[in-house]
Amino acid sequence: MHMIKQKKKTMDRVKRILNVSYAYQRGYYGEGVGVAVMDTGICQHPDFQYRIAGFRDYVGRRREKYDDNGHGTHVAGIIGGSGYMSGGRYSGIAPACHLYGCKVLDQKGNGNTRNVVEGIQWLMAHREELRLRIINISVGMVLGARSEEKGQLLRAVEEAWDQDIVVVAAAGNNGPREGSVTIPGISRKIITVGCYDDHGEEIRGQGLKPEYSGRGPTECCITKPELVACGTNIVSCAENKTGYGSKSGTSMAAPVISGAIALLLSKYPHFCPRDVKLRLYERAVDLGLPTAKQGWGTVDMAKLL
């Protein structure tokens, strides 16, 4: 079940890079922080235990938790898997947070704007009872999409931000050209995340081209992405409910940062989204890469907390 090649990035390695142990040593594991995962769904993997606070299906309109693709479960595991089935090796960044699954993508990973917007609106309406603090959106539409759809999605994520929910979006895998960040990652308000490990031999066989991470700036000259994290060959929960699998893309980098924000909100529960973003900006670690690729840099939990 755990036969993972050496090139795969286990979550314990990702956490070492982020210096997550600093948070754990001080008792911050993401308790009390709700994170919504807008994706292909979520399955009842043992690593989530009792921490899936709810599930809504905007594709098949089913009531039971499921993930017929695996992408959403993988993303949720990066954010908040406990590592129960792997002795902690594949635990997520914030293993005590609670998760809310929103299935807005079908089995092939396709979706429509209406479902995403409907999901965001429902989350806003129920954010207090869900103790929802973060929405992770590891999906995006290309800049060539219809302007009406782009506007609907951007308005939805920015309204959520204004409703005291931190929105984290993937930068997309259309790099390396400038201005290749997908929607809603181009929003000036939300936090957009790219990869800094999107090159070299690790991406072979992944269906991704070198330097795939979406780059800014936006057409409005906004720095994007704000942050970068590991996103290539990340091992996390699989949809078969007992195992693990490896996936690559900015879809995997975004939940790394969502998990880090959950730890931050464990220590500073009074922080609003603007406080979170300012803190990330002030405490980011510069990787020495072009701003169009790395934005402000990456996260070190010791600095962030």
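Report on the accompanying structure. (Residues numbered from 1 in each chain as written. Predicted model: local features only at pLDDT ≥ 70, side-chain atom pairs only at ≥ 80, totals over all residues. Heavy atoms only, no water.)

Glancing now at the sheet that holds strand 5 (residues 166–170). Read from one edge to the other, the open sheet built from seven strands follows the order 2-3-1-4-5-6-7, with strand pairing classed as parallel. Across the chains shown, the open sheet's two edge strands, defined by having one partner strand only, are strand 2 (52–57) and strand 7 (227–229). In this sheet, adjacent strand axes meet at a mean angle of 25 degrees when their direction is disregarded. When strand 2 meets strand 3 (residues 98–103), the two strands line up parallel, connected through five bridges. Bridging across to strand 3, isoleucine 52 finds its partner in leucine 99. The sheet contacts of helix 4 (residues 113–125) involve strand 1 (34–39), strand 2, strand 3 and strand 4 (132–137), and relative to strand 1 the element is tilted by about 165 degrees. Packed onto the sheet, helix 7 (residues 250–267) meets strand 1, strand 4, strand 5, strand 6 (191–195) and strand 7 and runs at close to 130 degrees relative to strand 6. (Pairing = 2+ DSSP bridges. Helix = DSSP H or I, 4+ residues; strand = E, 2+ residues; numbered from the N terminus. Axes fitted to C-alpha atoms, helices over the stretch in contact; angles between N-to-C directions. Contact = heavy atoms within 4.5 Å.)

With that out of the way, let us pick up the side chain of lysine 277. By secondary structure assignment, the location of lysine 277 is in helix 8 (residues 273–283). Exposure remark for lysine 277: the relative accessible area of 14% places this residue in the buried category. If we ignore the near neighbours within four places in the chain, the residues touching lysine 277 are Trp161, Arg188, Lys189, Ile190, Ile191, Glu226 and Trp296. (Buried < 20%, exposed > 50% of the residue type's maximum accessible area, 1.4 Å probe, protein only.)

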